[in-house]
Amino acid sequence: MMSDLTGALVALAAFLLFGGSVLIGKRVLLSMSWTRPVRLLTHPVPLSWAGIVRKNVPISRELRAPDFERLLKLVQVFIKKKHVEGAGGLEMTEEIAVTIAAQACFLLLWLEVGLYPALRTVIVYPGTVVPRYARGTLGHGTLEFEGDEDPILGQSWGQGVVILSWDSAQRGAFDPRDGKNVVFHEFAHQLDQETGAADGLPVGLRLSSLKPWAEVIERKFRQLERAERSGRDTVLDTYGATNHAEFFAVATEAFFEKPRQLRERQPDLYTLLSEFYGVDPVEGWGPIMRGPNGA
């Protein structure tokens, strides 16, 4: 039987030989808008927003003053450019929009990149929701739906839509050390889906970084599969063993909320994510020198 590393290398070689060059070309094109830095707005951020973010997103309290101010400016652009709407009887408020936007923007805080360019709409329900597939648009960002599934806390669609439960978004932000944050999770999916495929390889990776990402992610994914089957304790939520896309989203949650445990137990995965997100949470919430995964 092949080792996990050998299997990952064989899979990567097959990818490159059979149509990989076409997909890589598509990845590069889709990455161009993402790697174009966001233009911050010149007018002041509303005074109430700082209090909302500090209260509802406790992890933001650990930021240095310049990074906190940048976070607020990213939130300002997010709310202006994206359509955030309530559903299921939820009335959209400034507090809800700012709280969700702050968590979404937190992932991009140390990256000179665009602000989820493919994302159009964030739909927020009061609690868990039974999602329905979009079949068209009506008016400004309003979607028609059809079909039923099991209740969810959140979901990210390739059509530029994120669905969230407000209860879950609040709960995930409230404890910044439990490794569970539905907004981080779903917006990690957005980073993954920006390339046109949900495969655990987020947008913005250099071509030279695809091989090490494929190796580490594949090896860690297989380890998590084995941990799930055996019931062994792991720093990552075993939901990440569902597929490579869920693995990346779960790993992102752990990186931002359980960084010390992740670095101790899976240092190679921690380093990979640190280079990608441009921050080393264990050493302090500030920008690091960009490694080979940098934009």
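Parameters at a glance
Residues numbered from 1 in each chain as written. Predicted model: local features only at pLDDT ≥ 70, side-chain atom pairs only at ≥ 80, totals over all residues. Heavy atoms only, no water. Helix = DSSP H or I, 4+ residues; strand = E, 2+ residues; numbered from the N terminus. Axes fitted to C-alpha atoms, helices over the stretch in contact; angles between N-to-C directions. Parallel < 35°, antiparallel > 145°, perpendicular 65-115°, else oblique. Left-handed = near helix turned anticlockwise from the far one by under 90°. Contact = heavy atoms within 4.5 Å. Nonpolar A, V, L, I, M, F, W, Y, C, P; charged D, E, K, R; others polar. pLDDT = per-residue confidence, 0-100. Phe/Tyr/Trp six-rings, centres within 6.5 Å; stacked < 30°, edge-to-face > 60°. Buried < 20%, exposed > 50% of the residue type's maximum accessible area, 1.4 Å probe, protein only.

A.B. asks: When you look at unusual backbone geometry in this model, what are you seeing that I'm missing?
C.D. replies: Note on backbone geometry: most residues besides glycine have negative phi, and most peptide bonds are trans. Positive phi, normally seen in glycine, also occurs at Tyr116, with a value near 45 degrees. By the element assignment, Tyr116 lies in the loop between α4 (94-106) and β2 (121-125).

A.B. asks: Help me understand the packing of α4 against helix α6 (residues 182-193), please; the structure alone is not making it clear to me.
C.D. replies: To characterise two packed helices, one gives the angle between the axes of the helices and the distance between these axes. Across the interface, α4 lies against α6 with an axial gap of 9 Å and an inter-helix angle of 55 degrees. Between α4 and α6, the angle falls in the class oblique. When you trace α4 past α6, the crossing you get is right-handed. Between α4, through Ile100, Gln103, Ala104 and Phe106, and α6, the contact on the second element is made entirely by Val183, Phe184 and Phe187. In terms of residue class, the contact of α4 with α6 is built from six nonpolar, one polar and no charged.

A.B. asks: Where do I start with the confidence of the model for the protein chain in this structure?
C.D. replies: For the protein chain, the average pLDDT comes to 83, and 77% of its residues sit at 70 or higher. Taken as a whole, residues 1-23 scores under 50 in pLDDT and shows 20 contacts with residues more than four places along the chain or in a different chain. Ignoring residues within four places in sequence, the model shows residues 134-147, a span with pLDDT below 50, making 32 contacts including any to other chains.

A.B. asks: Explain the packing of α6 against helix α8 (residues 244-257) here, please?
C.D. replies: At a minimum axis distance of 8 Å, the contact between α6 and α8 shows a crossing angle of 130 degrees. As far as their axial angle goes, α8 and α6 are oblique. Viewed along their axes, α6 and α8 form a crossing whose handedness is right-handed. Contact residues: Val182, Phe184, His185, Ala188, His189, Leu191 and Asp192 in α6; Ala245, Glu246, Phe248, Ala249, Val250, Thr252, Glu253, Phe256 and Glu257 in α8. Across the contact of α6 with α8, the residue classes break down as nine nonpolar, three polar and four charged.

A.B. asks: What is the right way to look at the packing of aromatic side chains in this model?
C.D. replies: Here the distance between the centres and the angle between the planes together describe a pair of aromatic rings. All told, the structure shown has 18 aromatic pairs when counted by the stated rule. Judged by centre distance (5.0 Å) and plane angle (70 degrees), the rings of Phe256 and Tyr277 are edge-to-face. On the criterion of sequence distance, the pair formed by Phe256 in helix α8 and Tyr277 in helix α10 (residues 267-277) is long-range, its members being 21 residues apart. Per residue, the accessibility class of Phe256 equals that of Tyr277, and both read buried. In textbook terms, an aromatic cluster arises when at least three aromatic residues are bridged by ring pairs, as seen for Phe106, Trp110, Phe184, Trp213, Phe248, Phe255, Phe256, Tyr270, Phe276, Tyr277 and Trp285.

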